[in-house]
Amino acid sequence: MVTLFGPVRDGVPVYGSGGFTSYSLANLQQQLGGWSDNGIARVKMKVGRDPERDIDRVRAAREAIGPGTELFVDANGAYSRKQALAMADAFDEFGVSWFEEPVSSDDLAGLRLLRDRAPPGMDIAAGEYGYDLRYFRRMLKAGAVDVLQADATRCAGFTEFLKVDALCEARCMPLSSHCAPILHLHLCCASPRVRHMEYFHDHVRIATMLFEGVPAPVDGVLHPNLSRPGLGLEFKHADAQQYAI
Ligand SMILES: [Mg+2]
């Protein structure tokens, strides 16, 4: 597939993504630390469901991954503006370098406020809900993010994702793919502005159950297998049978 799109790289760095708020501290540390031990250079955890616990959870995550792995947080728009500003300062103590949806993605002025006032070295990211090119253009025009995110399963597929990449190119902005790594891999190998891909725990788990040919990161980078046709995947019909309805 990437050959058809026009490759610009032969692999894409990933960030391990999970760290759900339902996890115990031990589970959180085990998952994020595991990715870090496997050579993935950046990991992401959820925050915002229970703000009083967030600092302890972020501290525990940092302890598990050590100083050399980037730590990302995703609030899914859960904080108010002023709360998010305070949390940005608090997360900075633990070297958080990516603050995703600190406030609602509908609040472009709020994202801009965070972008302007977050500590140096902390990127503000959003864009996962974009369904058309105008959504991404509005977000970029508002100066709402340091890194734009896009999801090819939502934004009208591969074609629109490539257009979002072109929008980023025109504004010298980086792009990161949201979820569904097996669908984004070939696309991201053909998108010049892509910085990294989200290696989302639940999607990797389900993809591995249902498809042959799911690539695993090597030294934190996913490479498409060009010896296989299409996306390099084959549906495991027999394994899927038990889930038929
Ligand atoms: Mg998110």
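Residues numbered from 1 in each chain as written. Predicted model: local features only at pLDDT ≥ 70, side-chain atom pairs only at ≥ 80, totals over all residues. Heavy atoms only, no water.

Participant: Would you mind going over the overall build of the protein with me for this structure?
Facilitator: For the protein, the helix and strand inventory stands at ten helices and eleven strands. The globule rule puts the C-alpha radius of gyration for 245 residues at 18 Å, and the 18 Å found for the protein is close to it. Counting only C-alpha atoms and orienting by the principal axes, one finds that the protein spans roughly 50 × 40 × 40 Å. For the protein, with 245 residues in total, the buried portion stands at 51%. The contacts in the protein between residues at least 6 apart in sequence include a share of 70% that link residues at least 24 apart. Of the roughly 11200 Å² of accessible surface on the protein, a fraction of 52% belongs to carbon and sulfur atoms. Charged side chains in the protein number 26 positive and 31 negative. The centres of these two groups are separated by 5 Å. (Helix = DSSP H or I, 4+ residues; strand = E, 2+ residues; numbered from the N terminus. Rg over C-alpha atoms; globule rule 2.2 N^0.38 Å. Buried < 20%, exposed > 50% of the residue type's maximum accessible area, 1.4 Å probe, protein only. Contact = heavy atoms within 4.5 Å. Areas by Shrake-Rupley, 256 points an atom, 1.4 Å probe, with all protein chains shown as cover. Lys, Arg positive; Asp, Glu negative; His and termini not counted. Charge placed at Lys NZ, Arg CZ, Asp CG, Glu CD.)

Participant: Is there a simple way to explain the packing of aromatic side chains in this structure?
Facilitator: Two measures describe an aromatic ring pair: the distance that separates the ring centres and the angle between the ring planes. In the structure shown here, the tally under the stated rule is ten aromatic pairs. Ring geometry for Phe 72 versus Trp 98: centroids 4.8 Å apart, planes at 15°, classification stacked. In this pair, Phe 72 is assigned in strand β3 (residues 70–74) and Trp 98 in strand β4 (residues 96–100), connecting sequence segments 26 residues apart. Of the two residues, Phe 72 and Trp 98, both sit in the buried class. Taken together, the ring pairs in this structure connect Tyr 15, Phe 72 and Trp 98 into an aromatic cluster. (Phe/Tyr/Trp six-rings, centres within 6.5 Å; stacked < 30°, edge-to-face > 60°.)

Participant: Teacher, can you tell me more about the coordination of the magnesium ion here?
Facilitator: Put simply, the ideal angle at a metal is 109.5 degrees for four donors in tetrahedral geometry and 90 or 180 degrees for six donors in octahedral geometry. Protein coordination at the magnesium ion comes from Asp 74 (OD), Glu 100 (OE) and Glu 128 (OE), with a distance range of 2.0 to 2.2 Å. All donor residues of the magnesium ion come from one chain, and their arrangement in sequence is D-x25-E-x27-E. Highlighted residues: Asp 74 in strand β3 and Glu 128 in the loop between β5 (123–126) and α6 (133–141), separated in sequence by 54 residues. The same class applies to Asp 74 as to Glu 128, namely buried. (Donors = N, O, S within 2.8 Å, 3.2 Å for Na, K, Ca; no water.)

Everything listed here is a matter of geometry and, on its own, says nothing about what the molecule does.
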